[in-house]
Each structure stands twice: as C-alpha cells, then as structure tokens.
Amino acid sequence: MLDNKTEEYLHALRDKHKIRILFVCLGNICRSPAAEGVMQSLVDSHDESRRFCIDSAGTANYHTGELPDKRMRVHAQRRGYDLTHHARQFKVSDFDDFDLILGMDDYNLSTLRSKARDEQDERKIMAMGKFISPIYHYDHVPDPYYEGSEGFELVLDLLEDATCNLYKQLS
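Quick look at the structure, then.

**A word on the environment of alanine 116**
Working step 1: On the secondary structure map, alanine 116 appears in the loop between helix H5 (106–115) and helix H6 (119–124).
Working step 2: For alanine 116, a relative accessible area of 19% corresponds to the buried category.
Working step 3: Alanine 116 sits 24 residues away from valine 92 along the chain, and the two C-alpha atoms are 7.4 Å apart.
Working step 4: Beyond its immediate chain neighbours, meaning those up to four positions away, alanine 116 contacts Phe95, Asp121, Glu122 and Ile125.

**Considerations on the packing of aromatic side chains**
Working step 1: Taken as a whole and assessed by the stated rule, the structure comprises three aromatic pairs.
Working step 2: Seen from their ring centres, phenylalanine 52 and tyrosine 167 are 6.0 Å apart, and the 40° between their planes marks the pair as tilted. Here tyrosine 167 lies in helix H7 (residues 149–170) and phenylalanine 52 lies in strand E2 (residues 52–58), a separation of 115 residues in the sequence. Judged on exposure class, the residue phenylalanine 52 and its partner tyrosine 167 are both buried.
Working step 3: When the ring of phenylalanine 90 is compared with that of phenylalanine 95, the centres are 5.3 Å apart and the planes differ by 80°; the resulting orientation is edge-to-face. As far as the burial class goes, phenylalanine 90 and phenylalanine 95 line up, both buried.

**Looking at the layout of surface pockets**
Working step 1: There is about 290 Å³ of room inside the largest pocket.
Working step 2: As for the largest pocket, its lining consists of 13 residues, and the residues nearest its centre are Lys5, Thr6, Glu122, Arg123 and Ile125.
Working step 3: Elements with a minimum of two residues in the lining of the largest pocket: helix H1 (4–13), H6 and strand E4 (125–127).
Working step 4: Broken down by element, the residue count for the lining of the largest pocket peaks at four residues, all from H6.
Working step 5: Its residues assigned to classes, the lining of the largest pocket comprises four nonpolar, two polar and seven charged.

**Quick look at the packing of helix H2 (residues 31–45) against H7**
For any two helices packed against each other, one specifies the inter-axial angle together with the distance between the axes.
Working step 1: Running from N to C, H2 and H7 point in directions that differ by 50°, and their axes come no closer than 9 Å. With respect to each other, H2 and H7 are oriented oblique. You can see that H2 and H7 cross each other, and the crossing is right-handed. Seen from H2, the contacting residues are Arg31, Ala34, Ala35, Val38, Met39, Leu42 and Val43; seen from H7, they are Val155, Leu156, Leu159, Glu160, Thr163, Cys164, Leu166 and Tyr167.
Working step 2: Tallied by class, the residues present in the contact of H2 with H7 amount to 12 nonpolar, one polar and two charged.

**A short note on the side chain of aspartate 105**
Working step 1: Examined against the element boundaries, aspartate 105 turns out to sit in the loop between strand E3 (100–103) and H5.
Working step 2: Within polar-contact distance, the side chain of aspartate 105 engages the backbone nitrogen of tyrosine 107 at 3.1 Å.
Working step 3: Every residue in contact with aspartate 105, bar those within four places of it in the chain, is listed here: Arg31, His140 and Val141.

**Points about the nonpolar core**
Working step 1: Ile21, Phe23, Met39, Phe52, Leu100, Leu166 and Leu170 are the most contacted members of the largest nonpolar core, which totals 40 residues.
Working step 2: Mapped by element, the contributors of at least two residues to this core are H1, strand E1 (19–25), H2, E2, helix H3 (70–78), E3 and H7.
Working step 3: Top contributing element to this core by residue count: H7, with nine residues.
Working step 4: Setting aside anything within four residues of it in sequence, one finds phenylalanine 52 in contact with Lys18, Ile19, Ile21, Met39, Val43, Tyr167 and Leu170.
Working step 5: Listed in part, the 12 residues of the second largest apolar core include Phe95, Ile101, Leu112 and Ala127.

Procedures and definitions
- Residues numbered from 1 in each chain as written.
- Predicted model: local features only at pLDDT ≥ 70, side-chain atom pairs only at ≥ 80, totals over all residues.
- Heavy atoms only, no water.
- Helix = DSSP H or I, 4+ residues; strand = E, 2+ residues; numbered from the N terminus.
- Buried < 20%, exposed > 50% of the residue type's maximum accessible area, 1.4 Å probe, protein only.
- Contact = heavy atoms within 4.5 Å.
- Phe/Tyr/Trp six-rings, centres within 6.5 Å; stacked < 30°, edge-to-face > 60°.
- 1 Å grid on protein atoms, 1.4 Å probe; cavity = no way out; pocket = protein on both sides within 12 Å on 5 of 7 lines; lining within 4 Å.
- Points joined across faces, edges and corners; volume = space filled by probe spheres on them.
- Nonpolar A, V, L, I, M, F, W, Y, C, P; charged D, E, K, R; others polar.
- Axes fitted to C-alpha atoms, helices over the stretch in contact; angles between N-to-C directions.
- Parallel < 35°, antiparallel > 145°, perpendicular 65-115°, else oblique.
- Left-handed = near helix turned anticlockwise from the far one by under 90°.
- Polar contact = N/O pair within 3.5 Å; in protein donor to acceptor, adjacent residues only side chain to side chain.
- Core = buried A, V, L, I, M, F, W, Y, C linked by side-chain atoms within 4.5 Å.

Next up, the structure:
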C-alpha cells in the first residue's frame, strides 16, 4: 500500500514527457530483468513506449554482461516476454538518470538507500512490494534463484500484478 508522500510523487510524474524507471535486484539476472520485460510489454501494449524508459540493474556485480538466468528466460518466454537485457551493476549516476528506482526486497532497498546522496535520491527509491496487490500476501518480490519452477512462476505472477498497479499509478 502506498503512503501519501509516494502517491504525490507518482502523481507528479504523470506530467513528465518521459518517465524513467529502473528495476533493481541483487544480480540483475532474475527479478529485475523480468520486471523490466514485463513493464516494457505492458507499456508497449498501451502504445506508450515513447513515454517510458525502462531498465534494470543489480546491486552486486556478480553477473555483469550476462543475459538473464536461463530459467527466468524460459518461464518469461512462455508468457510472451523476451528477456534480452544484459546484467549491469547499479551506479550512483542512476539517481540522475531515473525517476523511479524500484528495489525487489529489503536488502536491495537498503543497499540503494546507502548509495543515495541526498533526499532527492532517497525519494526515487521505492519497494516493488508496495505495488503488489494484497491478495498475494507478499511485501517483496522473492529471489527465485535457488527455487524450482514454482519460484520463477511466482515471481512472474507478482511482477505482472505489481507492474500493472505501477502503470495505473503513472497513467
């Protein structure tokens, strides 16, 4: 659930010519590239790809340059998402380049906040879990890396719901 301050910030973004969104997880090979792909598909389906700039990054540099995890690509492909992003590490300059920086879990959010230079940077950081509908009973997007197929499917379910809710807030 969104607080008033967050809703006000999102409402102000509606007037921007281009809304720039960065999704962030740990290694940038599962959750964040999936969020990027799901959100890109959503904005494309509404013919608004010119209005949004969508990217993803990881707080760690474990997989820099790699494609998303093969298991995530397979599960995403079954739903019609083509994940072609190459992993990169979050950098402080991303605060200058993006309006919204969405962390997948508390660890990612904590890491992002530790890199924030000021209140303006802090304001851009949000929990992806805030956009997940209450029916799912999740306040974060869990890491499926050590899970089986059901973990990847759950992440895609949560991301489809959360990106839809995020899109509605920005439209």
